[in-house]
Amino acid sequence: KVSESMLAHPNFAEFAANDKDASLFMDYGWVMEIMAEAQKNMNAPTSVSPQLMEYMKGMSVYGSLNFETGKIAGDMKVYPSEAAKKYMEEFYMEPTDKFVGLLPKDSYLGFNFAVKNYSECLKYMGEEVRQQIDEMLKQYGLSEEIIDNVHGDILIGAYQDPDNAMIPGMIVAIQCKDRTLFDKVKEMMMITAEGDMFEIPNMGYCVTYIDDAMIISTKGLYNQCLASGKIKAWDKSWKDSSMGQVLKKGGIAIDFQAICQSDLWSLVGGSKEAAMALSILKQLEAFTMQMESMQETHSELVLINKDKNALEQLIAIAVGA
């Protein structure tokens, strides 16, 4: 009977009607029951609270993949229960492109998202995990109040550092309510110098508080984009590129061709493993995953060859490797 099958599930219709090359539908109620039973039988510590498990029981997810000419397109949609949706809204914020201009044009990757009420997630963790986190916070002199200073965009990126070809440049930018987190990091590193910037000894990196944000970056990036006292984009950055458009809405972007051109490959010499990895990367152009909303994401893996079906190319790459 239809009433007794998955066809009766209120969120199953889109999956049942899709014409994608591969697709998946999963009901979290079944998954949560298995997790609860496994934790009970193994007497294992619970990683999430009973309240969160109840929220997740009402969730389901639908995902699909399509192998197109020159690329693979993937979509993921989460159907939350009303309780789970309210839970997600406690933390979710739509990001901006405030930090995206800090990624230069030859960046390898970028990850941009936004959060609020960060410490609230601790309430939904299992009791044992919560105790472990509390102990870790105390060990580093942190507290929930300091964690909640994080409010807004967070960007993580890697790029070719023009000042040191053998080490990738890294940036972590965190929007804050005020300078509390910056001052705490300064205290933890036993920095006594005054001001809104200090250098990390012997690392070539510095930490800056600027425009209501704490930014960890190379000294070169600081000189180019932050030294004026305001966040300034590189002359040529990801901000106005297709990668930047993905990150503006929140998501991940990887430029495989920029990785291929890195001087780091000269460090690994002529090993067969490195040659194989580089050969694979040279056939890939980019990967992006963009958050369309709190519940939907769209991903693309773009290949260099735009004339052949992506599945055919992936099979050839695997056979070659």
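What counts and what doesn't
- Residues numbered from 1 in each chain as written.
- Predicted model: local features only at pLDDT ≥ 70, side-chain atom pairs only at ≥ 80, totals over all residues.
- Heavy atoms only, no water.
- Salt bridge = Lys/Arg side-chain N within 4 Å of Asp/Glu carboxyl O.
- Helix = DSSP H or I, 4+ residues; strand = E, 2+ residues; numbered from the N terminus.
- Pairing = 2+ DSSP bridges.
- Axes fitted to C-alpha atoms, helices over the stretch in contact; angles between N-to-C directions.
- Buried < 20%, exposed > 50% of the residue type's maximum accessible area, 1.4 Å probe, protein only.
- Contact = heavy atoms within 4.5 Å.
- Patch = residues over 30% accessible without salt bridge, like charges linked within 9 Å, V, L, I, M, F, W, Y side chains within 5 Å.
- Areas by Shrake-Rupley, 256 points an atom, 1.4 Å probe, with all protein chains shown as cover.
- Phe/Tyr/Trp six-rings, centres within 6.5 Å; stacked < 30°, edge-to-face > 60°.

Asker: Can you walk me through the pattern of salt bridges in this structure?
Answerer: When the charged atoms of two side chains with opposite charge come close together, those side chains can pair. Taken as a whole, this structure holds 12 salt bridges when the rule is applied. Ionic pairing is found between Lys230 and Asp211, a salt bridge with its closest N-O pair at 3.5 Å. With a gap of 19 residues between them, Lys230 in the loop between helix H8 (219-226) and helix H9 (242-249) and Asp211 in the loop between strand E8 (205-210) and strand E9 (213-218) connect regions that are remote in the sequence. One network of salt bridges, with partners in common, ties together Glu68, Lys71 and Glu300.

Asker: Is there a simple way to think about the sheet that holds E8 in this case?
Answerer: Either a parallel or an antiparallel arrangement is found when strands of a sheet pair, and the pairing is made through backbone hydrogen bonds. Spatially, E1-E2-E3-E12-E11-E10-E4-E5-E6-E9-E8-E7 is the arrangement adopted by the 12 strands of the open sheet, whose pairing is antiparallel. Whereas interior strands pair on both sides, the edge strands pair on one side only; in this sheet they are strand E1 (22-27) and strand E7 (197-200). Taken pair by pair, the neighbouring strands of this sheet meet at an average axis angle of 10°, ignoring direction. The sheet contact formed by E1 and strand E2 (residues 60-68) spans six bridges and is antiparallel. Paired with Leu24 across the bridge in E2 is Gly63.

Asker: Help me understand the environment of Gln224, please; the structure alone is not making it clear to me.
Answerer: Along the chain, the position of Gln224 falls in helix H8. Residue class for Gln224 comes out partly exposed when judged on its relative accessible area of 32%. For the pair Gln224 and His298, spaced 74 residues apart in the sequence, the C-alpha separation amounts to 33 Å. Residue contacts for Gln224: discarding those within four places in its chain leaves Lys232, Trp234 and Asp235.

Asker: Any chance you could explain the pairing of strand E5 (residues 150-160) here in plain terms?
Answerer: If a strand is regular, its side chains alternate between the two faces of the sheet. Within E5, nine of the 11 residues are buried, leaving the element largely enclosed by the surrounding structure. Across eight bridges, strand E4 (residues 107-115) lies against E5 in antiparallel orientation. Bridging across to E5, Phe113 finds its partner in Ile154. Looking at chain direction, E5 and strand E6 (residues 168-176) are connected through eight bridges and run antiparallel. Of the residues in E6, the one forming a bridge with Gly157 is Ile171.

Asker: Teacher, can you tell me more about a nonpolar patch on the surface here?
Answerer: Together, Met136, Tyr140, Met188 and Met189 make up an exposed nonpolar region whose accessible area comes to about 370 Å². Residue class for Met136 comes out partly exposed when judged on its relative accessible area of 44%.

Asker: I tried to follow the packing of aromatic side chains on my own but got confused; where do I start?
Answerer: Each pair of aromatic rings is reported with the distance of its centres and the angle of its planes. Taken as a whole, this structure holds 10 aromatic pairs when the rule is applied. Taking 5.0 Å as the distance between ring centres and 80° as the angle between the ring planes, the aromatic pair formed by Tyr87 and Phe91 counts as edge-to-face. Classification of Tyr87 as buried rests on a relative accessible area of 18%. With 5.7 Å between their ring centres and 45° between their planes, Phe182 and Phe198 make a pair best called tilted. One end of the pair, Phe182, is in helix H7 (residues 180-188); the other, Phe198, is in strand E7, and 16 residues separate them in sequence. Of the residues examined, Phe182 reaches a relative accessible area of 0% and is grouped as buried. With a relative accessible area of 3%, Phe198 lands in the buried category. Taken together, the aromatic side chains of Phe12, Phe15, Phe25 and Tyr62 make up a single cluster linked through ring pairs.

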